[in-house]
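Examining the three-dimensional arrangement
This is what each chain is made of:
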Amino acid sequence: MIWANAMVLGIGAMLLSLPIILHFMMQPKPKVLSFPALKFVRQHEISNRSRMRLRHLLLLLLRCLLILLMAAALAGPSVASRNFGQWLTIGGLGCTSLVVGLALAVAYYGTRKRNGLLISALATLLLGQLLFGGYSIIRLISSDSPQLIGDSQAPVAAVILIDTSPRMDYQINGKKNLEKAREMGIWLAEQLPSSSDVCVLATDGDQPFYSVDVGAAKKRIETLDTSYESSFIPESLSIGLKLLKDSELERKELYVITDLTRRGWTGGETSTVLKQLKDNEDIAAFVIDVGTNEPQDFSIGGLFLEENTITTASPIEINTEITRIGDAAQRNVVMKIEQPDDQGIRPAMRDGKVLVPKKFWQLSKQVDIRADSQTPVQFQYPGPLPQGVHHGTVEIIGEDGLKVDNTRYFTVDVRPAWDVLVLHPDNVNPGNLVDLLAPYRELEKGTAIYRCTVAKQSDVSKYDLDDFQAIFLLDPKPLNQGLWQDLEQYVAQGGGLAIFLGHNAAIQGGVDPSFLTTTAEKLLTGKITRQWRRKQDNPLYLSPDNFSNPILEPFRDREDAVPWGDHPVLNHWEITPDGLANELPTETVVRYSTGLPAVISRTLGQGRVLIMTTPITDPPRPTDRALPWNYLFTGYCWPAWKLVGKISEYVVQSSYEKLNIDVGQTGVLRNDIRKYPDSYRVFTPRTEQSPTKIVSIDNTVKYRFTNTPGQYRLRGQRGETVLRGFSVNLEPAETDLTRIDPVEIDEVLGFERYQLARERNQIQRQQGTARVGQEFYPILLIMLAVTLIVEHLMSNRFYSS
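Residues numbered from 1 in each chain as written. Predicted model: local features only at pLDDT ≥ 70, side-chain atom pairs only at ≥ 80, totals over all residues. Heavy atoms only, no water.

**Some points on the sheet that holds strand β20 (residues 418-424)**
Pairing between the strands of a sheet is mediated by backbone hydrogen bonds and can be parallel or antiparallel. Within the open sheet, the seven strands sit side by side as β21-β20-β22-β23-β30-β29-β28. Their pairing is mixed. The strands lining the two open edges of the sheet, one partner per strand, are β21 (450-456) and β28 (586-591). Across the sheet, the axes of successive neighbouring strands diverge by a mean angle of 15°, strand direction being ignored. Contacts from helix α14 (residues 638-652) reach β20, β21, β22 (470-474), β23 (496-500), β28, β29 (597-604) and β30 (607-612), with the element oriented near 155° to β30. (Pairing = 2+ DSSP bridges. Helix = DSSP H or I, 4+ residues; strand = E, 2+ residues; numbered from the N terminus. Axes fitted to C-alpha atoms, helices over the stretch in contact; angles between N-to-C directions. Contact = heavy atoms within 4.5 Å.)

Set out below in structure tokens:
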């Protein structure tokens, strides 16, 4: 039994003596009178005195009971077990029924002249109490798990979910929210009965389990740290609720300790959590806020680099924005680029720590940051930079509550221009492609990222194909079988091949047989079946329908705004897929408005081949034909320029390298073992972590353990030290400190289905309310009312005469 106000019970006990004292003090004193000794009068006096004594004792009992019930109601008694509370309720009703029954007996037998109204009222009260008590007993007996003993220290099945997202690193007065959460979690664990089942759950994706004891749970809480791959709170809640549901303990409690930022609550299956809590009403849920009502923060948004791979003469241009939560302020923003280590030994492990280069090229800007808004910032480092991989940062200098979003990381690969071979027949002008890959202005400045070797198709034997990263075949004429085989071997070893089919593949209205050989079809992704011509009433143009391929990245944010229809296609080849699509990854990148393939890619060995079924070299007014095959490069033809530019990046596989990725993504670097080492040691941003070894598979190195923002450095040996790497950043949304509205929490947990608290005393009060189980205040008031009615009726009727 738990008493909310035990002192009131003590005061009630003292007041209980008051009616007893008054009863004896107010007894009338006998008076001596001279009166004849009348025998019958004296007998009547003795009889009346006996009846009055019984009535006085009954009224004394009722009045003592009134004071007792009033004191008990104000003391707030309760028990943890609902079933035991029902038995106590039945017992209380039984006592009240006994009092009513006693009063009924006195009213019926204690007077010669019976009062019908009094007897009827008492009988009705007694019958109602007996019926209610009988119903309660039947309901209790039919319960699935009757329990007749209550215990305020009964064990609890508890899940303590602690938010470990990067936002919990926000600090005020030198104390992080995560530290507050750990302290709160330890305190909660200490409040639980020693034999409780406690699961400490975090938003770090770990599987839930019950700790051996409360002490083990506290140690688990002490070791919790920030997780940069933090899951959403509803996802972790769903896991914790499943664990509680399976517990055999009667008491079940769920605690969520978080900073109440919106980002943590707006992902995952919120409807699942809502249903779980609705289906398990015995689980008491608490949300504990350790955050700040009005956070102040500076943060750097995502870094946008024009190119990840540049030449030595190219500048590094970075665009970003500074986001401010709070008042306007001024901050110094710095871009740093690491200088290569003079001795060539870093990164290296020394005395248990990773050593990295300490010298930088840097630019600095003083930025006036507007209140509660975003302020754009641009950096451009003119160069030149030496060849190799360069790591850098953009950083806000100054004090801030959340440090993790004050720095963003980037990596660029400075290398010679990509060597590409452009092959064309005599009747094809390669000018469009060459101007796109290596514009004259960029060639003059030395910033062109492609170095084009232009040759006639008939002169291909003069060149070693392995000297080039990619080969472009522009509207090729028939190729001999030997050249098809050389191209197949070139692609399989890691080269890139782009073939733009046109009118030169035709012969006498059909397709030249040299394009129908087994090797040719393997490279062309299938069999060329026929030439498709636009019909007068059926417009024909490029019409992408799936923008997942990196070739279509420039069009993703403006799918409906690209004027493909302004650049019609008059002719194209139709290719029927071969039977190798299951063995060799093949994808239709772009379709025509008719649904037929326009651009097809295939991975062959270590390289890529890309087919476009209409040419990019036809002039608007060809001299050898009446009409061109398309008008892709007429008028304002930016879609075609963007498309061909991305096709070029795709075949040289520059876009295949992931130099700047988000936390949790896999770092992927192309690794041609003819030029690069076959294995590397990886140095992570955790400077105390020893480097791990990775090996090249299929001319690719991959590293997937990117759970910390920063630079990941690869060091290998191929005659000399080879340094490579990539950068990892948090998504800007992961550090958004915008607070969630309680209404939004209701959508996850349910309206009035949880208790929200900030202070420990609030938790104690709400926790006590959830644990005490059956409260007796309402039933005590009913018993008080019944006793008061009986006392009133009895006192009035006993002394009516």
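**Notes on the layout of surface pockets**
Taken as a whole, the second largest pocket spans an internal volume of roughly 1100 Å³. Around the second largest pocket sit 44 residues that line it, and Gly388, Val389, Asp413, Tyr676 and Leu723 are the ones nearest its centre. Listing elements by their share of the lining of the second largest pocket, those giving two or more residues are β18 (388-397), β19 (407-414), β20, β36 (710-718) and β37 (720-729). It is β37 that contributes the most residues to the lining of the second largest pocket, five residues altogether. Class assignment of the residues belonging to the lining of the second largest pocket gives a composition of 15 nonpolar, 11 polar and 18 charged. Counting contributing residues per domain, the lining of the second largest pocket is built from domain 3 (297-414 + 657-735) and domain 4 (418-652), each supplying no fewer than three. (1 Å grid on protein atoms, 1.4 Å probe; cavity = no way out; pocket = protein on both sides within 12 Å on 5 of 7 lines; lining within 4 Å. Points joined across faces, edges and corners; volume = space filled by probe spheres on them. Nonpolar A, V, L, I, M, F, W, Y, C, P; charged D, E, K, R; others polar. Domains from an automatic or database assignment.)

**Quick look at the environment of threonine 311**
Structurally, threonine 311 can be placed in the loop between β11 (309-310) and β12 (316-325). Among the residues examined, threonine 311 registers a relative accessible area of 5% and is labelled buried. Sequence separation of threonine 311 and aspartate 413 is 102 residues, and the distance between their C-alpha atoms is 8.2 Å. If sequence neighbours within four positions are ignored, threonine 311 has contacts with Val414, Arg415, Ala417, Gly446, Thr447, Ala448 and Ile449. There is a polar contact of 3.3 Å between the side chain of threonine 311 and the backbone oxygen of glycine 446. (Buried < 20%, exposed > 50% of the residue type's maximum accessible area, 1.4 Å probe, protein only. Polar contact = N/O pair within 3.5 Å; in protein donor to acceptor, adjacent residues only side chain to side chain.)

**As for the nonpolar core**
By size, the foremost hydrophobic cluster in this structure holds 43 residues, and its most contacted members are Phe472, Leu542, Met612 and Leu643. For this core, the elements supplying multiple residues, two or more each, are β20, α10 (431-437), β22, β23, β28, β29, β30 and α14. In terms of residues, this core owes the most to one element, α14, which gives eight residues. With sequence-adjacent residues up to four places away left out, phenylalanine 472 is seen in contact with Val420, Leu421, Val422, Leu423, Leu433, Leu437, Ala498, Phe500, Ser648 and Val651. Among the nonpolar cores identified, the runner-up in size contains 32 residues, and Leu423, Phe468, Val491 and Ala520 belong to it. (Core = buried A, V, L, I, M, F, W, Y, C linked by side-chain atoms within 4.5 Å.)

**Examining the packing of aromatic side chains**
Applying the stated rule across the entire model yields 11 aromatic pairs. With a centroid separation of 5.9 Å and 75° between ring planes, the pair formed by tryptophan 484 and phenylalanine 515 is classed as edge-to-face. Taken as a pair, tryptophan 484 in helix α12 (residues 481-492) and phenylalanine 515 in the loop between β25 (510-511) and α13 (518-523) lie far apart in primary sequence, 31 residues in all. When its relative accessible area of 0% is taken as the criterion, phenylalanine 515 is described as buried. (Phe/Tyr/Trp six-rings, centres within 6.5 Å; stacked < 30°, edge-to-face > 60°.)

**As for the confidence of the model for the protein**
Do not read the fine detail of predicted coordinates wherever pLDDT is low. Scored by pLDDT, the protein comes out at a mean of 85, with 83% of its residues at no less than 70. Mean pLDDT values over the elements of the protein span from 48, in strand β1 (residues 2-3), up to 97, in β22. Low pLDDT, under 50, characterises residues 2-9; the predicted model gives this stretch 19 contacts beyond four residues in sequence or across chains. (pLDDT = per-residue confidence, 0-100.)

**Quick word on α12**
For α12, with 12 residues, the first-to-last C-alpha span of 17 Å sits near the 16 Å given by 1.5 Å per residue. Those residues of α12 lying buried are Leu483, Trp484, Leu487, Glu488, Tyr490 and Val491. With its buried residues spanning 165° around the axis, α12 presents them on a single face. Contacts made by the buried residues of α12 are with β22, β23, α13, β29 and β30. The N-capping residue of α12, defined by a side-chain oxygen 3.1 Å from the backbone nitrogen of glycine 482, is asparagine 480. Glycine 494 occupies a position one or two residues after α12 and carries a positive phi of about 120°. (Expected span 1.5 Å × (residues − 1). Arc of directions from axis to C-beta.)

**Side note on the pattern of salt bridges**
Counted by the stated rule, this structure contains 22 salt bridges. With a shortest N-O distance of 3.7 Å, arginine 167 and glutamate 734 are connected by a salt bridge. Linking arginine 167 in the loop between β3 (156-162) and β4 (171-172) with glutamate 734 in the loop between β37 and α15 (742-749), this pair joins segments that are 567 residues apart in sequence. When its relative accessible area of 12% is taken as the criterion, glutamate 734 is described as buried. (Salt bridge = Lys/Arg side-chain N within 4 Å of Asp/Glu carboxyl O.)

**Quick word on the sheet that holds strand β13 (residues 329-338)**
Strand order in this open sheet of five strands is β11-β19-β18-β13-β16, and the pairing throughout is mixed. The strands lining the two open edges of the sheet, one partner per strand, are β11 and β16 (360-369). Relative to β16, β13 is paired through 10 bridges, and the arrangement is antiparallel. Its bridge partner lying in β16, lysine 336 is registered against glutamine 362.

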